[in-house]
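Survey of secondary and tertiary structure
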Amino acid sequence: MNTDHGCAAPQPSLTVAEARRIILDAVTPAGGWACVPIRSSLGRVLARDVIAPGNVPAHDNSAMDGYAVRAEDLAADGETSLQLVGSAFAGRGFSGIVGKGQAVRIMTGGVMPVGADSVVIQEVAKVDGDRIAIPGGLRRGQNVRRAGEDLAEGAVAIPRGKRMGPAELGLAASLGLAEVSVCRRLRVAFFSTGDELASIGRPLAPGEVYDSNRYTLHGALARLGCDIIDLGVVPDRPELLEAAFRDAAASADVVLTTGGVSVGEADFIRELMQRLGEVAFWKIDIKPGRPMAFGRIGGAWMFGLPGNPVAVMVTFYQFVQDALLKIAGVDPLPARPLMPAVCAAPIRKLAGRCEFLRGRLSADGGSWRVHPAAAQGSGVLRSMSEANCFIVLDETRGDVAAGDSVPVQLFDGLV
Ligand code: AMP
Ligand code: MG
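Residues numbered from 1 in each chain as written. Chains lettered and ligands numbered in written order. Predicted model: local features only at pLDDT ≥ 70, side-chain atom pairs only at ≥ 80, totals over all residues. Heavy atoms only, no water.

**Concerning the overall build of the protein**
Rule in force here: In this text, helices come from DSSP runs of H or I with a minimum length of four residues, and strands from runs of E with a minimum of two, each type numbered from the N-terminal end. Here the globule rule is a power law, 2.2 Å times the number of residues to the power 0.38, and the radius of gyration is based on C-alpha atoms. Residue burial is assigned from relative accessible area. The probe radius is 1.4 Å, only protein chains are included, and a residue is buried under 20% of its type maximum, exposed over 50%, and partly exposed in between. By definition in these notes, contact holds between two residues if any of their heavy atoms fall within 4.5 Å. All accessible areas in this document rest on Shrake-Rupley with a 1.4 Å probe, and a residue is counted as covered only by the protein chains that are shown. Residues scored as positive are Lys and Arg, those scored as negative are Asp and Glu, and His as well as the terminal groups of each chain are ignored. Charged groups are reduced to one reference atom each: NZ for lysine, CZ for arginine, CG for aspartic acid, CD for glutamic acid.
Per the secondary structure count, the protein includes seven helices and 27 strands. Relative to its length of 415 residues, the protein is extended, with a C-alpha radius of gyration of 30 Å against a globular reference of 22 Å. Taking the principal axes of the C-alpha coordinates as reference, the protein spans close to 90 × 50 × 45 Å. Buried positions account for 44% of the 415 residues belonging to the protein. By sequence separation, contacts in the protein at least 24 residues apart represent 72% of the contacts at least 6 residues apart. Accessible surface computed for the protein: about 19,400 Å², of which carbon and sulfur atoms make up 53%. Of the charged side chains in the protein, 42 are positive and 45 negative; the average position of the first set lies 1 Å away from that of the second.

Here is the structure:
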């Protein structure tokens, strides 16, 4: 890592994309894995490919309710009369063999009887006692799901590096697997810094604010499935901060801090971080959240986030979340989707920084409309709670007029 950006050196200013790329290129998977029952694998990252131990589906079976027939028995055009000799229901097959001129009643999922190769849907068959009349024009193999059609025995059903979601739990179960191998949970230690911070549970003294960052970060990390080591509030005192850093780095894969990285007050924290590890301080062309630190302390990755509560959330979701996923074993990383929306109000913006504004997206006829929140201050958590997306105005963008198209990043699936 390049750590030339010490206190004396001029701070580089990075674009959001540059900072993301540097971080994502630098971090590497932490390693370690365990076998867990499939229910417990929700949200975990697969450490090994899940291989299909058999064909899915296991047998040729019917895709429709109808009649299993031999295609060669049927006239190319005109009706054919066949004799009904039995039935095959899902889970209860037909034990005989379908001979020349015969058919078997079959339901969706029923195993194809020996001898039959196609299914005629019930809607076109005319039944009369034990005879059925079938129109011509049937294609061999019609309405039959082949064994191994979804997944052949030995194929990769779920690749390593995939995060287990509901579909993957079901897929593993459909293969008859009771357990999967998942990467070890990441251990993430964090603490808040600031002499003005009070922990909840006691009244505020003059000048104090409650420490909210620990709670937003707790929520964000818990959603990612991390093991969380909460080291509380650390006052702005070098010896206490040093002890907290050492403690955090010794016990965690990743250390997160908030506060104390802005110019002025931050100087000794910067010195401390650089003395204890290899940490680069960046000015990022982002609003909110311009100052940020990234690097390594001991064996742990380290992110020094800003203090303002909204800046913490913005920098966490833009820089930290994907890095945590990569360290946790996710590969490749999903791209962050943006969707266009019509901006309902003008936004004043200077080119130069990428701004993440809180917005409320709503359907408007056939298109999407986004209202920027009135209060965009970097300490206003309420508007973060009321918003459902970020309006993302990149570094080059200037003022936005009402009616302009703007890209938005949905909170759903992100936060
Ligand atoms: P700092 O970067 O330490 O100067 O903090 C910037 C602003 O964020 C200050 O107004 C702090 O009071 C506020 N702040 C810092 N940490 C927290 C926290 N953990 N919870 C709530 N507000 C905070
Ligand atoms: Mg502070």
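**A short note on the sheet that holds strand β21 (residues 291–297)**
Here is the rule we go by: Any two strands with at least two DSSP bridges between them are considered paired. Helix axes are fitted to C-alpha atoms over the stretch in contact, other axes to C-alpha atoms as well, and angles between N-to-C directions run from 0 to 180 degrees.
Spatial strand order, β1-β19-β21-β22-β18-β14-β17: seven strands in an open sheet with mixed pairing. The sheet is open, and its two edges are formed by β1 (13–14) and β17 (227–234), each paired on a single side. Sheet topology note: the strand β14 (residues 187–193)/β17 ladder contains six bridges and is parallel. If you follow Arg187 over to β17, its bridge partner there is Asp227. Of the strands in this sheet, β14, β17, β18 (254–258) and β22 (300–305) are in contact with helix α3 (residues 213–223), which crosses β14 at around 165°. Along the sheet, helix α6 (residues 309–327) contacts β14, β18, β19 (277–284), β21 and β22; its crossing angle with β22, the most-contacted strand, is approximately 170°.

**Examining the packing of helix α1 (residues 16–26) against α6**
Convention followed: Between 65 and 115 degrees an angle is taken as roughly perpendicular, under 35 as roughly parallel, over 145 as roughly antiparallel, and anywhere else as oblique. By definition, turning the near helix anticlockwise from the far helix through less than a right angle yields a left-handed crossing, and turning it clockwise yields a right-handed one. Gly falls in the polar group here, along with every residue not listed as nonpolar (Ala, Val, Leu, Ile, Met, Phe, Trp, Tyr, Cys, Pro) or charged (Asp, Glu, Lys, Arg).
Two elements in contact, α1 and α6, have axes separated by 9 Å at closest approach and are oriented at 20°. By the angle between their directions, the pair α1 and α6 is classed as roughly parallel. As for the relative orientation of α1 and α6, their crossing is right-handed in sense. Residue-level inspection shows Val16, Ala19, Arg20, Ile23, Leu24 and Asp25 of α1 in contact with α6, the latter providing Gln318, Phe319, Asp322, Ala323 and Lys326. Here the contact of α1 with α6 is built from residues that sort into six nonpolar, one polar and four charged.

**As for the domain arrangement of the protein**
Accessible area lost upon the coming together of the parts serves often as the stated size of an interface. As a reminder, the rule being used: In this document the domain limits rely on a domain assignment from an automatic tool or a database.
Each assigned domain of the protein is listed here: domain 1 (16–31 + 185–327), domain 2 (34–56 + 149–183), domain 3 (61–145) and domain 4 (339–410). For domain 1 versus domain 3, the distance between C-alpha centres works out to 66 Å.

**What to know about the environment of Cys343**
In this fold, Cys343 is placed in strand β23 (residues 339–343). Among residues more than four places away in sequence, those in contact with Cys343 are Val370, Pro372, Val400, Ala401, Ala402, Gly403, Asp404 and Val406.

**Focus: the pattern of salt bridges**
Worth spelling out the cut-off: Whenever Lys or Arg places a side-chain nitrogen within 4 Å of a carboxyl oxygen from Asp or Glu, that contact is recorded as a salt bridge.
Inspection of the entire model under this criterion finds 19 salt bridges. Put simply, Asp73 and Arg70 hold a salt bridge, and the shortest N to O gap is 3.0 Å. In this pair, the class of Asp73 matches that of Arg70, namely buried. Arg275 is paired through a salt bridge with Glu242; the nearest N and O atoms lie 3.0 Å apart. Here the residue Arg275 occupies a position in helix α5 (residues 267–276), and Glu242 occupies one in helix α4 (residues 238–251), the gap between them amounting to 33 residues. The network of salt bridges with shared partners includes Arg20, Asp322 and Arg336.

**Let's talk about empty space enclosed by the protein**
Selection rule: Definitions used throughout: a 1 Å grid over protein atoms alone; a cavity as a set of points that fits a 1.4 Å probe which cannot get out; a pocket as an open set with protein on both sides within 12 Å along at least five of seven lines; a lining residue as one with an atom within 4 Å of a point. Grid points are joined across faces, edges and corners, and a volume is the space filled by probe spheres set on the points.
What the rule picks out here adds up to one cavity of 30 Å³ or more. For the largest cavity, the calculated volume is near 120 Å³. Lining the largest cavity are 14 residues, with Gly43, Val45, Leu224, Gly225 and Ala328 sitting closest to its centre. Both of domain 1 (16–31 + 185–327) and domain 2 (34–56 + 149–183) provide at least three residues apiece to the lining of the largest cavity.

**With respect to the packing of aromatic side chains**
Note the following rule: When two rings of Phe, Tyr or Trp (its six-membered ring) have centres within 6.5 Å they constitute a pair, described as stacked for plane angles under 30 degrees, edge-to-face for angles over 60, and tilted for the intermediate range.
Enumeration over the complete set of coordinates arrives at seven aromatic pairs. Ring centres of Phe191 and Phe245 lie 5.2 Å apart, and the angle between their planes is 70°; on these two criteria the pair is classed as edge-to-face. Pair noted here: Phe191 is in strand β14 and Phe245 is in helix α4, with a separation of 54 residues, a long-range link. In terms of burial, Phe191 and Phe245 fall into one category: buried. When the centroid spacing of 5.8 Å and the interplanar angle of 40° are considered together, the rings of Trp282 and Phe294 count as tilted. Placement of Trp282 in strand β19 and of Phe294 in strand β21 is noted, with a sequence separation of 12 residues between them. Residue classification places Trp282 among the buried residues on the basis of a relative accessible area of 4%.

**Observations concerning the environment of Ser40**
Within the secondary structure layout, Ser40 lies in the loop between β2 (33–37) and β3 (50–51). The class for Ser40 is partly exposed, based on a relative accessible area of 40%.

**Some details on α1**
The criterion, for reference: Working definition: the arc comes from the directions between the helix axis and the C-beta atoms, pointing outward to the latter.
By the burial criterion, the buried members of α1 are Val16, Ala19, Arg20, Ile23 and Leu24. Angularly, the buried residues of α1 cover 120° about the axis, an arc narrow enough to put them on a single face.

**Focus: the confidence of the model for the protein**
To keep things clear, this is the line we draw: On a scale of 0 to 100, pLDDT captures the predictor's confidence in every residue.
Residue-level pLDDT values for the protein average 92, and 95% of them are 70 or greater. In this model residues 1–8 is a low-confidence stretch, pLDDT under 50, and it forms 16 contacts with partners more than four residues away in sequence or in other chains.

**Re the side chain of Glu208**
This is how the line gets drawn: In protein, a polar contact means a hydrogen-donor-capable atom and an acceptor-capable atom, both N or O and within 3.5 Å, with residues adjacent in sequence counting only if both atoms are side-chain atoms; elsewhere, any N or O pair within 3.5 Å suffices.
When you line up the elements, Glu208 lands in the loop between β15 (197–198) and β16 (209–210). A polar contact is formed between the side chain of Glu208 and the backbone nitrogen of Ala205, at a distance of 2.8 Å. Beyond its immediate stretch of four places on either side in the chain, Glu208 contacts Glu196, Ala198, Arg202 and Pro203.

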